[in-house]
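Structural characterization, general
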Amino acid sequence: MPEQNPTEYHVTATAREYDEAVDAIASGRGPVAVDAERASGFRYSQKAYLIQVFRRDAGVFLFDPIALAEEVGPELTDLQAAISHDEWVIHAASQDLACLREVGLDPETVFDTELAARLLGLPRVGLGPLVENLLGIHLAKEHSAADWSTRPLPQSWLTYAALDVELLVDLRDAVEKLLDESGKSDIAHQEFHGELVKEAKVPRAEPWRRLSGIHAVRGARNLAVARELWLARDALAREKDTAPGRLVPDASLTAAAKLMPNSKRELAALKEFNGRASRSELDRWWAAIELGRTTTDLPVPRPAGDNMPPVRAWADRNPTADARYRLARELVTAYAEEHQIPVENVLMPDLLRRVSWEPPGAVDAASVGAQLAAGGARPWQVEATAPLIVAAFVEAEQADDEDGESAS
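Reading guide: rules and limits
Residues numbered from 1 in each chain as written. Predicted model: local features only at pLDDT ≥ 70, side-chain atom pairs only at ≥ 80, totals over all residues. Heavy atoms only, no water. Helix = DSSP H or I, 4+ residues; strand = E, 2+ residues; numbered from the N terminus. Buried < 20%, exposed > 50% of the residue type's maximum accessible area, 1.4 Å probe, protein only. Contact = heavy atoms within 4.5 Å. Core = buried A, V, L, I, M, F, W, Y, C linked by side-chain atoms within 4.5 Å. Salt bridge = Lys/Arg side-chain N within 4 Å of Asp/Glu carboxyl O. pLDDT = per-residue confidence, 0-100. Pairing = 2+ DSSP bridges. Phe/Tyr/Trp six-rings, centres within 6.5 Å; stacked < 30°, edge-to-face > 60°. Lys NZ or Arg CZ within 6 Å of the ring centre and 35° of its normal. Expected span 1.5 Å × (residues − 1).

1. Thoughts on the overall build of the protein chain
- A tally of helices and strands in the protein chain yields 20 helices and six strands.
- Overall, the protein chain is about 80 × 65 × 40 Å in size when its C-alpha atoms are taken along their principal axes.
- Taken over 408 residues, the protein chain has a buried fraction of 46%.
- If you take every contact in the protein chain between residues at least 6 apart in sequence, the share linking residues at least 24 apart comes to 68%.

Encoded structure:
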């Protein structure tokens, strides 16, 4: 199987280089392949530290958005103007759109090769396996978890980054052919559009509750300590632009919250409390523990909200809703298997649960479809699943009526 020959790649980091690159890309032809590299796990922010662009007849360009922020400004306006009306090819676009938009790069249309592969039911949808399977080229992925905030970037990393886009347009063409052959082109483009218009997630009101192991922390006072430790670590991580877990891991924070040391000395002696900033910032952590131990603002163990109960509780809490959900899930799963599409791509699992828990007043395709659409389902998903959900709900209601008559 052929391997890509290494090539020397240069990072575009000055205003002159940027202008030349934009002109070259604008004069290229066809779709524009775009990728971004972040420093997840190393830095606090999720901003892009390298942006790769490829276009036929133009070549590969590697942009350093950090250096260019000083040279041409925080937004790559000229690059956006040159390619905004063209189709962008991105692999797993949902992962890159946010950091691209931070620097002013926002596509009007996108072709997501990873999402398309999922809709095709392909067993392995990573970029490397797809390129190998469809193009017959082995794509090494050894730098996928690298710290892309490193400067200067090693040439081997640049080669890796360049190949991520250099083969992407060819991959797009191969995937598009499979979509056409399987009759899935329309649903794929609906999904691509859905990615572009999807609203950003609203930040969690209490993000500290996502601490790994928080479920094992019992008691309002212990939870208050866990919260204050998380807030102290988050502030330090933001200040240093370092991933929080690299300062003190989650397990250390939850251990301290569970064991509740009585002094700074006890905290320092706690073997479970480790990490590279666990001792150098000991005063900070002890201040957080003291605040948690004395605050009157105690968190509730299980915050109230409009969340549905977990599905496992439905049989006792709402047997009819439980029957609706199980029958509907069975039919939607059968549809997914028949059409070789992952069930989560046929309909978002949470949306199916919500419409099962609280269906519309009129159980018909139009009403159920409207509720699905309001929840973010695409037209093809509504067309495919609304009749199935109606059939399941009707069957559940009939079974409930029969049970009621038998009981009487």
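2. Some thoughts on the nonpolar core
- If you look at the biggest cluster of nonpolar residues, it comprises 74 residues, and the most contacted ones within it are Ile51, Phe63, Leu79 and Trp148.
- Broken down by element, the residue count for this core peaks at seven residues, all from helix α7 (residues 155-166).
- Excluding residues that lie within four positions of it along the chain, Phe63 makes contacts with Thr12, Tyr18, Ala21, Ile25, Leu50, Ile51, Val53, Leu68 and Leu79.
- With 27 residues, the next largest nonpolar core counts Val217, Met260, Leu282 and Trp285 among its residues.

3. Details of the pattern of salt bridges
- By the definition in use, this model includes 24 salt bridges.
- Between Asp173 and Arg56 there is a salt bridge whose closest N-O contact spans 2.9 Å. One end of the pair, Asp173, is in helix α8 (residues 168-182); the other, Arg56, is in strand β3 (residues 50-56), with 117 residues separating them in the sequence.
- For Glu114, the salt bridge is made with Arg118, and the minimal N-O distance between the two is 2.7 Å. Residue Glu114 and its partner Arg118 are located together in helix α5 (residues 113-119), separated by four residues, close to a single helical turn.
- Glu114 gets classed as buried once you look at its relative accessible area, which sits at 14%.
- The partly exposed category is assigned to Arg118, whose relative accessible area is 31%.
- Via salt bridges that share partners, Arg56, Glu87, Asp170, Arg172, Asp173 and Glu176 belong to a single interconnected network.

4. Things to note about the confidence of the model for the protein chain
- Chain-level pLDDT for the protein chain is 93 on average; 95% of the residues reach the 70-or-more range.
- Between residues 1-5, whose pLDDT stays under 50, and residues either more than four places distant or in other chains, the model counts twelve contacts.

5. With respect to the pairing of strand β2 (residues 29-37)
- With seven of nine residues buried, β2 lies mostly within the body of the structure.
- Of the strand pairs in this sheet, β2 and strand β5 (residues 87-90) are connected by two bridges, and their pairing is parallel. What sits directly across from Ala33, in β5, is Val89.

6. Comments concerning the packing of aromatic side chains
- Per the counting criterion, the structure on display carries seven aromatic pairs.
- A centroid spacing of 4.9 Å and a plane angle of 50° characterise the contact between Phe111 and Phe192, whose relative ring orientation is tilted. In this pair, Phe111 sits in strand β6 (residues 109-112) while Phe192 sits in helix α9 (residues 185-197), placing the two residues 81 residues apart along the sequence. Across the pair, Phe192 and Phe111 agree in class, each one buried.
- Arg172 extends its terminal NZ or CZ atom over the ring of Phe111, reaching a point 4.7 Å from the ring centre.

7. Here we look at the pairing of strand β4 (residues 59-63)
- Most of β4 is tucked away: four of the five residues are buried.
- When strand β1 (residues 11-12) meets β4, the two strands line up parallel, connected through two bridges. Of the residues in β4, the one forming a bridge with Thr12 is Phe63.

8. Some details on helix α10 (residues 220-240)
- The end-to-end C-alpha separation of α10 is 30 Å, in line with the 30 Å expected for 21 residues at 1.5 Å each.
- Once α10 finishes, Asp241 follows within two positions and takes phi at roughly 50°, a positive value.

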